[in-house]
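Residues per chain are reported as follows:
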Amino acid sequence: MNPIVQVEDLKKVFRTQNFGRVSKITAVEGVSFTIQRGETLGLIGESGSGKTTVGRMIVKLLNPSSGHIKLDGHDVTHLNEKAFKPFRKRFQIVFQDPYSSLNPRMTVLQLLSRPLSVFGIEKDRKKQRMKVIEVLHDVGLHEEHLNRYPHEFSGGQRQRVAVARALMTKPEFIVLDEPTSALDVSVQAQILNLLRQLKAAHNLTYLFISHDLGVIHYMCDRVLVMYMGEIVESAPTEELFTSPAHPYTRFLMESIPDPDPELTNEIDYVNKVKALQSTYGCNFLSRCDRALPNCFDRHPELVKLSSNHLVRCHNPLKEASVWKRDG
Amino acid sequence: MSSVSAKVLEIKDLQVRFDTEDGVVKAVEDVNLDLFSGEMLGVVGETGCGKSVTLQSVLRLLPTPPTRITRGQILFHGENLLDVSEERMNEIRGGKIAMIFQEPMTSLNPVFTIGEQMRDVIEQHRRVGKRKANSIAIRALIEVGLEDAEVVLSKYPHELSGGQRQRVMIAMALSCQPEILIADEPTTALDVSIQAQILAIIKHLRQTHNMSVLLVTHNLGVVAQTCDRVAVMYAGYVVEKGEKFGVLKAPLHPYTRGLLESIPRSRKVRELRSIPGSVPNLIDPPEGCRFHPRCSFATEVCKREVPILEEAKPGHFVACHHWRRLGY
Ligand SMILES: Nc1ncnc2c1ncn2[C@@H]1O[C@H](COP(=O)(O)OP(=O)(O)O)[C@@H](O)[C@H]1O
Ligand SMILES: Nc1ncnc2c1ncn2[C@@H]1O[C@H](COP(=O)(O)OP(=O)(O)O)[C@@H](O)[C@H]1O
Ligand SMILES: [Mg+2]
Ligand SMILES: [Mg+2]
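Residues numbered from 1 in each chain as written. Chains lettered and ligands numbered in written order. Predicted model: local features only at pLDDT ≥ 70, side-chain atom pairs only at ≥ 80, totals over all residues. Heavy atoms only, no water.

Colleague: Would you take a moment to explain unusual backbone geometry for this structure?
Modeller: Leaving glycine aside, a negative phi is the common case for residues, and trans is the common case for peptide bonds. Residues and elements named next belong to chain B. A cis amide bond links T64 with the next residue in sequence, P65, at an omega value of -20 degrees. Relative to the elements of secondary structure, P65 occurs in the loop between α1 (51-58) and β4 (67-76). In the segment running from P65 into P66, the intervening peptide bond is cis, with an omega of 10 degrees. Relative to the assigned elements, P66 resides in the loop between α1 and β4. (Helix = DSSP H or I, 4+ residues; strand = E, 2+ residues; numbered from the N terminus.)

Quick look at the structure:
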């Protein structure tokens, strides 16, 4: 069977104007990966590393500057909006901020029945209403919520509405772009559980974007780590957490304050980071404490450590992990 | 440690109300918190539990109306800050007690350079001339890891990254040699790596300057890794407080426990425990224990009576009718 998503050598350059000066930002470069049906692929990295840009290109809310996107084996890179419409129905996206992603002037019923009309799934008002109620139940909301507006909900409930809207078209794949980052940890737990249940119930495939390693560990089968627009490591979740190979991945893990006060993760952040810079070398050089002469001269390629573990580093880590939270 | 050092700040029986069109918001109820010399106290809880209101009350930053501080005292070395003149308060604010916020942009003026703003604050609180103020500012910036201090001083706030702006805020707070630093979610908007740096800086400064820190966060990991003691707030009340090891390793309140169990750790966990529902609107909060509608241990008494904060173990306080049943 075809991978449900396959991207090849994706690149995205943004042109911005600042006081008339045009500058270019390469937000994403050389990104290739596949997502198999039924898996949850995690995408992690600091803000600005290009995660959202990748997610938006997959569902064609953005067009890549170069590279290819195949959805269920079809190259959709150059399809226009009309030709892409059947895919739009099957490939959905949920954003971080439920406040801005839901039209404040529409009720839940209006918000959720719209995709049914737009995609010609159901025109009949009564039947639309029934379908909406069904999906509301799926996400833990009820009929009484139908006529409410987004601002009348708590943050967690609003994110449930956003998930419900994505589910209306019975998609096969959903990009979840930091769906819980704006929520308190208690409410985040509710939403993460819901997303796992929905996935099982509807045979969904997820691309799960987050900057929280704990969330990624809980949700994902496999993880991609992004740094400055590139994938720097890719591995099955278990392996990534037990033996991260890229210094950046380990750095991210060490940076998380552990809620167990007996597990201390003290590192000397102030002095650790040396001010190294190189135009040709590795992007991570300026923050790396393992740099070799090679790292200044050559940009590292993404190479295989094993069949399913890739890393972009001249001097990958070999020692065991710092992740202590397991079990 | 805390029992032998001096209390620098005491929040006593604090009660805060907001008058709004929809009714009176019962935002803070009978909050009691002590801060000892040189210690770091964390205040945690979900959004809307009264953490910021409590902290802002300390420096009288809340506008009246709509705010009414209806009861309580804020004692800074025994002096009740709720009674002192506005003039005295201005001396204390930013001088003896400094505050930093989640979004530094809100407290930085966009039309002045960092240098102009820092020198102003330093001149006012340290009573020194421009020259001296400038060198104090440079030292403070270097201390928070902004090595190219002179360049930073010439920049406008928007020319800096989020992490740099937060460092500037800390440097600004620090340059007045405050006894107390109040930090309200100082790292919430930042990446974990930057968060780790900022926290390391705060910890370091607290040691070298013997500063006391009151840190608000909704991140229990941050508390575990930086604080000495922790207070957990729910819907306006302090529901548990004590040494971090006690509170985080053997929590006595179902709410604290729920927060800890909500933290995702591992894929091997079949389902995360979570706390059902959400923080109530504090205009019409639940009667009795405000947590009871979300609590799996709740019984009749919880619906009727507000539990008092009692000392369950030495130095470990909890406000729950059923803490004994929790089985620790
Ligand atoms: N519409 C846009 N115009 C210009 N630059 C953009 C745009 N969207 C994103 N960028 C830039 O691209 C980079 C990657 O952004 P993004 O994909 O949002 O990262 P992430 O989701 O990992 O935080 C950033 O430097 C960001 O400023
Ligand atoms: N200016 C205000 N007017 C009315 N209600 C307010 C105001 N500021 C805060 N509140 C309410 O007070 C309660 C506590 O808020 P806050 O201290 O900001 O919570 P936290 O910092 O724990 O997230 C909330 O119910 C909030 O809605
Ligand atoms: Mg993003
Ligand atoms: Mg707050």
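Colleague: Sorry if this is basic, but what is going on with the sheet that holds β4 of chain B here?
Modeller: Sheets are built from strands that pair by backbone hydrogen bonding, the pairs being arranged parallel or antiparallel. Residues and elements named next belong to chain B. Spatially, the 4 strands line up as an open sheet ordered β2-β1-β4-β5, and their pairing is antiparallel. The open sheet terminates on both sides in strands that have one partner only, identified here as β2 (23-36) and β5 (79-80). Sheet topology note: the strand β1 (residues 7-20)/β2 ladder contains 10 bridges and is antiparallel. Residue pairing across strands places R17 opposite K26, the latter belonging to β2. Relative to β1, α1 is tilted by about 115 degrees, and along the sheet it contacts β1, β2 and β4. (Pairing = 2+ DSSP bridges. Contact = heavy atoms within 4.5 Å. Axes fitted to C-alpha atoms, helices over the stretch in contact; angles between N-to-C directions.)

Colleague: It is not clear to me how the interface of chain B and chain A should be interpreted in this structure. Could you clarify?
Modeller: It is common to give the size of an interface as the accessible area that goes away when the parts come together. On the chain A side, the residues contacting the 41 residues of chain B number 42 residues. Buried surface at the junction of chain B and chain A, both sides included, amounts to about 3500 Å², of which 55% is carbon and sulfur. Our enumeration of links across chain B and chain A arrives at 2 salt bridges. Linking K249 of chain B and D260 of chain A is a salt bridge whose minimum nitrogen-to-oxygen distance equals 2.9 Å. Counting across the chain B and chain A interface gives 11 residue pairs in polar contact (both at pLDDT 80 or more). Going through the elements one at a time, α7 (192-209), α8 (220-226) and α9 (244-249) of chain B are the ones with two or more residues in the side of chain B that touches chain A. It is α7 of chain B that provides the largest number of residues to the side of chain B that touches chain A, a total of 8 residues. Its residues assigned to classes, the side of chain B that touches chain A shows 16 nonpolar, 13 polar and 12 charged. (Buried area = accessible area lost by both parts, 1.4 Å probe. Salt bridge = Lys/Arg side-chain N within 4 Å of Asp/Glu carboxyl O. Polar contact = N/O pair within 3.5 Å; in protein donor to acceptor, adjacent residues only side chain to side chain. Nonpolar A, V, L, I, M, F, W, Y, C, P; charged D, E, K, R; others polar.)

Colleague: Looking at this model, I keep getting lost on the pairing of strand β9 (residues 229-234) of chain B. Mind explaining?
Modeller: As a general feature of sheets, a regular strand has side chains that alternate between the two faces. All names here are of chain B. Across the 6 residues that make up β9, a large majority, 6, are buried. Across the two faces of β9 the burial is the same, with R229, A231 and M233 and V230, V232 and Y234 all buried. Across 4 bridges, strand β3 (residues 40-44) lies against β9 in parallel orientation. What sits directly across from G42, in β9, is V230. Relative to strand β10 (residues 237-243), β9 is paired through 6 bridges, and the arrangement is antiparallel. By the bridge assignment, V232 is partnered in β10 with E240. Remark: 2 residues form the turn of the hairpin made by β9 and β10, two consecutive strands paired antiparallel; A235 in that turn has positive phi of roughly 45 degrees. (Buried < 20%, exposed > 50% of the residue type's maximum accessible area, 1.4 Å probe, protein only.)

Colleague: Where do I start with the pattern of salt bridges in this structure?
Modeller: If charged atoms from side chains of opposite charge come close, those side chains can pair. Residues and elements named next belong to chain A. Here the structure, examined in full by the defined rule, presents 33 salt bridges over all chains. The salt bridge involving E46 is made with R287; its shortest N-O contact spans 3.1 Å. Taken as a pair, E46 in the loop between β3 (40-44) and α1 (51-58) and R287 in the loop between α11 (269-272) and α12 (293-297) lie far apart in primary sequence, 241 residues in all. Look at E46 and you get buried, because its relative accessible area is 8%. Using a relative accessible area of 17% as the deciding quantity, one classes R287 as buried. Put simply, E81 and R88 hold a salt bridge, and the shortest N to O gap is 3.0 Å.

Colleague: I tried to follow the site of ligand 2 on my own but got confused; where do I start?
Modeller: Residues and elements named next belong to chain B. Around ligand 2 sit 13 residues in total, of which G48, G50, K51, S52 and V53 are the nearest. Within the backbone of G50, an N or O atom sits 3.1 Å from an oxygen atom of ligand 2. V53 places a main-chain nitrogen or oxygen 2.9 Å from an oxygen atom of ligand 2. When isolated, ligand 2 has an accessible area of 560 Å², and the protein chains bury 68% of it. (Near = heavy atom within 4 Å. Areas by Shrake-Rupley, 256 points an atom, 1.4 Å probe, with all protein chains shown as cover.)

Colleague: Honestly, the domain arrangement of chain A in this entry has me stumped. Any pointers?
Modeller: Residues and elements named next belong to chain A. As far as domains go, chain A holds domain 1 (5-220) and domain 2 (236-311). Centre-to-centre separation of domain 1 and domain 2, based on C-alpha positions: 29 Å. Listed as interface residues are 6 residues of domain 1 and, on the opposing side, 8 residues of domain 2. Together, E46, L213 and H217 form the three largest contributors to the area buried by domain 1 at its contact with domain 2, with a combined 74%. Applying the counting criterion to the domain 1 and domain 2 interface returns 1 salt bridge. Summed over the shared surface of domain 1 and domain 2, the result is 3 residue pairs in polar contact (both at pLDDT 80 or more). Here the residues of the side of domain 1 that touches domain 2 sort into 3 nonpolar, 2 polar and 1 charged. (Domains from an automatic or database assignment.)

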